[in-house]
Amino acid sequence: MQITGRIISPAERMPLVASDDPVLRRRADVVTKFDDDLGELLDRMQNTMHHEGGVGLAAPQVGCGYRVVVTNYGGELIELVNPEIVMAEGSQLGYEGCLSVPGYMGEVERPEKVRLRYEDRDGRRCWLDAEDWGARVLSHELDHLDGDLFIDCSERVVRLRPELGLRLVFMGTPEFAEEILDSLLDDGFKVVGVVTAPDRRRNRGQNVLPPAVKKLAVGSGIPVLQPESSDDDSELAQTLSWLEPDLIVTAAYGRILPRRILDVPRLGSINVHASLLPEYRGAAPIQRQIMDGATISGVTIYWMDEGMDTGPILHRREIDLPGDITGGKLHDELAELGASTLAEALAMIARGESAGCPQDDSLATFAPKIGPGEARIQWDRDAQRLQRQVRAFNPHPGAETYWRGKRLKILEASVEEGSAEPGR
């Protein structure tokens with residue numbers, strides 16, 4: 001299994017303490033010994049900050065009463081031992097949060113510029129100038145060393161939407177999944193890891209390219225796991241458990257998850273499916289709906305089990321299908337609808353409204369993967385059926401026919417009145 005980015009095991013990090021822990025209200029002690037114990041504390045604090053997705057962490061936040069801070073400042077990891085602000089200029093008012101006070105943000109006045117004097121892990125004296133957001137982060141963390149929390153000096157404290165606190169692992173591969181992941185990130189959801197298919201040879205040049213989801217995740221600094229096959233399931237389950245997800249969210253991932261994966265997240269696993277289940281279970285619901293002449297489509301969010309799209313339905317929304325819609329257009333509409341429907345479902349879960357409705361298997365229909373040759377036009381078939389085939393396969397894989405030994409792609413078609421037999 002290929003892993004891009006770093007995933008921290010529990011042994012490498014420290015548990016955070018909550019805002020009611022007394023250690024957060026005491027003035028931290030000055031560090032006097034610059035030894036291996038200090039180095040281990042700094043390493044584990046860095047790992048904890050990385051795991052929690054923070055930009056700064058003070059030692060009291062992990063239950064250690066020493067004047068030690070780690071921060072990710074300007075993309076560079078900085079360790080501050082016995083830091084103190086020796087100069088502060090200007091003023092800025094803005095919102096900030098805290099790993100020890102999850103679910104809240106507060107409007108706090110901070111200096112616009114600060115200069116810090118501190119020591120590194122070897123006891124060497126150092127200086128650091130910071131401004132704007134960096135000055136805010138450093139001021140926030142040094143407050144921790146004096147027993148102060150941002151809520152003590154906030155002009156206004158607001159509660160975040162509870163679903164934004166959920167730790168999500170996202171599993172998906174193609175553009176449909178990429179659009180949903182992109183929406184999750186834009187909305188501020190906490191995606192702590194991504195699982196996708198391996199890099200494959202694609203396009204006419206047969207270049208090895210990453211899936212669309214991987215490119216987005218790597219660009220967003222999210223760890224990516226790419227299992228080669230079910231042989232990696234044990235390793236995948238172990239690695240996912242280190243991410244401590246509340247939920248697994250899948251969208252067009254491409255395989256059925258075994259029980260050992262489904263059992264990893266605290267709350268369970270949900271899927272975004274591009275049909276109104278139990279209709280069109282399977283890999284190609286978008287094309288199959290158009291080919292069948294469906295007039296209504298939609299998106300279903302359901303709790304996953306070990307079957308193929310068979311789990312209890314949590315939430316769904318529907319849309320009308322116009323008679324001229326193409327596979328590409330429906331793909332885009334359902335991806336957008338899937339993102340908003342997923343956000344609504346996550347809010348329902350966070351509120352405790354997570355009971356699903358069992359599917360009626362007697363109403364199930366199936367949408368198997370598009371097989372070889374299905375895109376080829378059989379001219380003796382009904383004209384309406386051929387027109388739906390052309391629309392369903394536009395733009396991919398493209399309905400096709402052969403003329404004088406050459407393959408032709410048919411992108412558009414219309415049905416005309418006539419009395420000839422099919423195929424004439």
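That block above? That's the structure.
A few points on the structure. All of these numbers come straight from a predicted model, not from anything done at the bench.

The next subject is the overall build of the protein. When its secondary structure is counted, the protein shows nine helices and 20 strands. Considered along the principal axes of its C-alpha atoms, the protein spans approximately 95 × 45 × 45 Å. Every one of the 424 residues in the protein was classed for burial, and the buried ones make up 47%. The long-range share in the protein, meaning contacts at least 24 apart out of those at least 6 apart in sequence, stands at 68%. Seen as two clouds, the 48 positive and the 69 negative side-chain charges of the protein have centres 5 Å apart.

Relative to the assigned elements, D187 resides in the loop between α3 (175-186) and β11 (190-195). On the basis of relative accessible area, D187 is assigned to the partly exposed category, the value being 34%. Taking C-alpha positions, D187 is 30 Å from D148, a pair spaced 39 residues apart along the chain. Excluding residues that lie within four positions of it along the chain, D187 makes contacts with R161, L164 and A343.

What follows is about the pairing of strand β6 (residues 104-110). Sheet topology note: the strand β5 (residues 92-96)/β6 ladder contains five bridges and is antiparallel. When the sheet's bridge partners are listed, L93 is paired in β6 with E109. Strand direction decides the pairing type here: β6 and strand β9 (residues 154-159), joined by five bridges, are antiparallel. Considered in β9, the bridge of G106 is made with V157.

Along the chain, D246 falls in the loop between α5 (233-243) and β15 (247-251). Non-local contacts of D246, meaning those with residues more than four positions away in its chain, are made with G165, L166, R167, P265, R266, L267 and G268.

This brings us to the pairing of strand β17 (residues 296-303). Here β17 lies mainly inside the structure; seven of its eight residues are buried. Both strand β16 (residues 268-273) and β17 contribute to a ladder of four bridges, which runs antiparallel. By the bridge assignment for β17, N271 is matched with Y302. As paired elements, β17 and strand β18 (residues 313-320) share seven bridges and run antiparallel to each other. What sits directly across from S297, in β18, is I319.

A rise of 1.5 Å per residue sets the reference length of helix α2 (residues 133-145), with its 13 residues, at 18 Å; its end C-alpha atoms lie 19 Å apart and thus fit the reference within 8%. Across the 13 residues that make up α2, a large majority, twelve, are buried. Among the residues of α2, G134, A135, R136, V137, L138, S139, H140, E141, L142, D143, H144 and L145 are the ones counted as buried. The first or second residue beyond α2 is G147, which carries a positive phi of 80°.

This part takes up the nonpolar core. In terms of nonpolar packing, the biggest core is built from 46 residues, with F170, V194, L342 and L346 touching the most fellow members. Looking at this core, the element that brings in the most residues is helix α8 (residues 327-350), giving eleven residues. Setting aside anything within four residues of it in sequence, one finds F170 in contact with A177, I180, L181, L184, V191, G193, V194, V195, V213, V249 and A251. Among the nonpolar cores identified, the runner-up in size contains 19 residues, and L225, L236, L243 and I261 belong to it.

As a further point, take the pattern of salt bridges. One pass over the full model with this rule turns up 28 salt bridges. The shortest N-O distance in the salt bridge between R110 and D143 comes to 2.8 Å. Of this pair, R110 sits in strand β6 while D143 sits in helix α2, and the two are 33 residues apart along the sequence. In this structure, E306 and R259 form a salt bridge, with 3.7 Å as the shortest nitrogen-oxygen distance. Residue E306 is located in the loop between β17 and β18, and its partner R259 is located in helix α6 (residues 259-262); the two are separated by 47 residues in the primary sequence. For E306, a relative accessible area of 48% corresponds to the partly exposed category. Each of E96, R110, R136 and D143 takes part in a single network of salt bridges with overlapping partners.

Rules used in this analysis
- Residues numbered from 1 in each chain as written.
- Predicted model: local features only at pLDDT ≥ 70, side-chain atom pairs only at ≥ 80, totals over all residues.
- Heavy atoms only, no water.
- Helix = DSSP H or I, 4+ residues; strand = E, 2+ residues; numbered from the N terminus.
- Buried < 20%, exposed > 50% of the residue type's maximum accessible area, 1.4 Å probe, protein only.
- Contact = heavy atoms within 4.5 Å.
- Lys, Arg positive; Asp, Glu negative; His and termini not counted.
- Charge placed at Lys NZ, Arg CZ, Asp CG, Glu CD.
- Pairing = 2+ DSSP bridges.
- Expected span 1.5 Å × (residues − 1).
- Core = buried A, V, L, I, M, F, W, Y, C linked by side-chain atoms within 4.5 Å.
- Salt bridge = Lys/Arg side-chain N within 4 Å of Asp/Glu carboxyl O.

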